[in-house]
Structures are given as C-alpha cells and as structure tokens.
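Descriptive structure summary
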Amino acid sequence: MEYDQSIVRALYKRLIAFYPRAFKEQLGESMEQTFNDLCNEKQQTKQALPGFVLWIFIETAMGIFREHLLLISPGDIMQTILKTTGSSALVSLLVVLPFMIMEVVNRRNFNEGFPFGLFFGLSLNLFAISLILFPIVRARRTAKQDMANPVPTQGNTLLTNSKSALMISVVIILSTVIFSLLVSLGWEPLERLLNDPNSEQLYVFGAPVASQLITIILFSLPIAAGIIAGGPIVRTLRAGGSLFAHPINLMIVVVISFLFAAGVIGLIVDQWPCFLGVPNCD
C-alpha cells in the first residue's frame, strides 16, 4: 500500500508542536529529523511503514502527555480547574489523533466524508474521563510535596465534605437516570418541546437546539457527579491520607469513569475495521 510520506511528516510536525515550549525548542527539531530519517530508512528497506508510523505517533502522544503532566503543580482553585480542563482536552486529542490518522490514510481512496461525529464522541468521552480522574491522579502525585512543604489546609466546604459531596453526587446521578427515563418514555412536555410542529425551532448543525441542550445536560450531569464525588478524595490525598478513605465516593468515581471508558472502547471496537481501511465497514 502506497504511503504518502509528506502527509505523515506534516502531521508529525504538527504533533510535536503540542510539546511544552521549552521542550519543543530544545528537542523538537532533532525529533523531527530523526523521524524523517527513520521513515526514509523504512522506505529504502521496504519495511512496513504504517505500523511504524502509528507506533511513533502513539509514543510521541504519550511523551507529550507526560511532559505536560510534569508541568502541572498545585495552585489556587481556578488555576487547578484551568490546568485540569486544558490537560483533559489535550489528552483526549492526543489519544484520538492516531485513529484520525488511520481514518485519513486508510480510507482516503473511498471518497467518503470524514466522520466528525465519531471522533467528537470519542473526544468527549475521553475528556470526561480525564476531568474526573486528573484531580485525583494529581493529588496523589503531589501528596509528598505537600507534606514536605505544608500549606494552610482548606476548611471543609459543601463540595469537599465527604457526606455532603456524596449526597450531591447521588442526587445528580438519580436526576440523570430520571431525566433519561423521561426522555426515553416520551414525556409529554419534552415531546411538545422537541416535536411540536406549531412551535418555531432553532436549528444548529442540522439539529434542534432543544435536543442538543438535552444531550449536553445528560452528558454533563455524570461528569459533575464524578468530579464532586472525587472532591473529598482529592482533599484527603493532599493531606497525606489514603485513596480508599472514602470508599463510596471512590466507587462512584470508578463506576462513572468505567461507563465513559466503555463508551470509548465500544466506539473503537465498532469502528476498528473502518480504521483499517475495510470497504463497506459500517
């Protein structure tokens, strides 16, 4: 199978741009040159290039994630939120990127439209997992630093108190389940809102805004429940406590993260033949 090296090299150059600035300025050019040399060597020896390229892209994406993670340090709440959101978006992009490359390279001769919806769904699920788990991972990693350089302990708030955070998470989960049931059962007020022919509906990207808002709500509520349930865990870890100090909160975090992860795995397994370039795979 012919391989367009110019596209691959351009994509790798863009991928390197995601490294932190200091790292990129120091090693970016040499990494790009090494990649080009390896591609030329594979081509001259007629070795399989697609598998090599995929592995290099995955390895580079993991390196980018690692370098950004090393830059993350504890700070005030707003700074932490911004770092978590940015890191989550970056991780979701880097994980999805190899599959996007496979889609573009292996299906470029089929005259098909690019499946933006598929990769958007993958990115959203990965983004949700990262938003929930990153604060816990970062708190566990920085626990020793916090013990060596103690900072004033933040008092209990509604979201860091174990019982209140647990209750709020449970209420949000129950609200999500009830709202999902109402939508699936065709609750009359929702049906009128979505399907009333006499009402003027605003459409964005070919779908009613009301329908999109409902989807966003159903997607956001479990994320909020996972983040809130993880609040006491993060606070305990920063104080040098155990990850299992709040078992029910941890269970909620694990279950919600597992459901999002199952969505990611299901999409990848379902679309894997398409990523490999199998005709009529849908």
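Each remark here, short or long, concerns the structure printed above.
Presented here is an overview of the structure given in this document. Residues take numbers from 1 onward in each chain, read along the sequence in its written order. Under the rules for a predicted model, residues below a pLDDT of 70 receive no local features and side-chain atom pairs below 80 are neither given nor counted, while totals for whole chains, interfaces and linings still include all residues. Note: side-chain values were computed over all heavy atoms of the structure, leaving out hydrogens and water.

**Focus on the packing of helix H1 (residues 5–16) against helix H2 (residues 21–44)**
The condition that has to hold: Only the contacting stretch of a helix is used when fitting its axis, a line to C-alpha atoms as for every element, and angles between N-to-C directions run 0 to 180 degrees. Per the convention used, a helix needs a DSSP run of H or I reaching at least four residues, while a strand needs a run of E reaching at least two, with both numbered from the N terminus. Roughly parallel refers to an angle under 35 degrees, roughly antiparallel to one over 145, roughly perpendicular to one between 65 and 115, and oblique to any angle outside these ranges. In this scheme, a crossing is called left-handed if the near helix is turned counterclockwise away from the far one by less than a right angle; it is called right-handed if the turn is clockwise. Every residue pair with non-hydrogen atoms within 4.5 Å of one another is taken to be in contact. The residue classification treats Ala, Val, Leu, Ile, Met, Phe, Trp, Tyr, Cys and Pro as nonpolar and Asp, Glu, Lys and Arg as charged. All others, Gly included, are polar.
The N-to-C vectors of H1 and H2 enclose an angle of 160°; their axes lie 10 Å apart at closest approach. Viewed along their axes, H1 and H2 adopt a mutual orientation that is roughly antiparallel. In the packing of H1 onto H2, the handedness of the crossing is right-handed. Counted together, Gln5, Val8, Arg9, Tyr12, Lys13 and Ile16 of H1 and Lys24, Gly28, Met31, Glu32, Phe35, Asn36, Cys39, Asn40 and Gln43 of H2 form the full contact between these two elements. Of the residues that constitute the contact of H1 with H2, the class distribution is six nonpolar, five polar and four charged.

**Things to note about the pattern of salt bridges**
Two side chains with opposite charge may pair up if their charged atoms get near one another. To keep things clear, this is the line we draw: Any carboxyl oxygen of Asp or Glu within 4 Å of a side-chain nitrogen of Lys or Arg constitutes a salt bridge here. For the exposure calls, accessible area comes from a 1.4 Å probe over protein chains only, and a residue counts as buried if that area is under 20% of its type's maximum, exposed if over 50%, partly exposed in between.
Inspection of the entire model under this criterion finds two salt bridges. Here Arg107 makes a salt bridge to Glu103, at a shortest N to O gap of 4.0 Å. Of the two residues, Arg107 and Glu103, both sit in the buried class. Across the pair Arg107 and Glu112 runs a salt bridge, and its minimum N-O distance is 2.8 Å. Taking the relative accessible area as the measure of exposure, Arg107 reaches 6% and is therefore buried. Among the charged side chains, a salt-bridge network with shared partners connects Glu103, Arg107 and Glu112.

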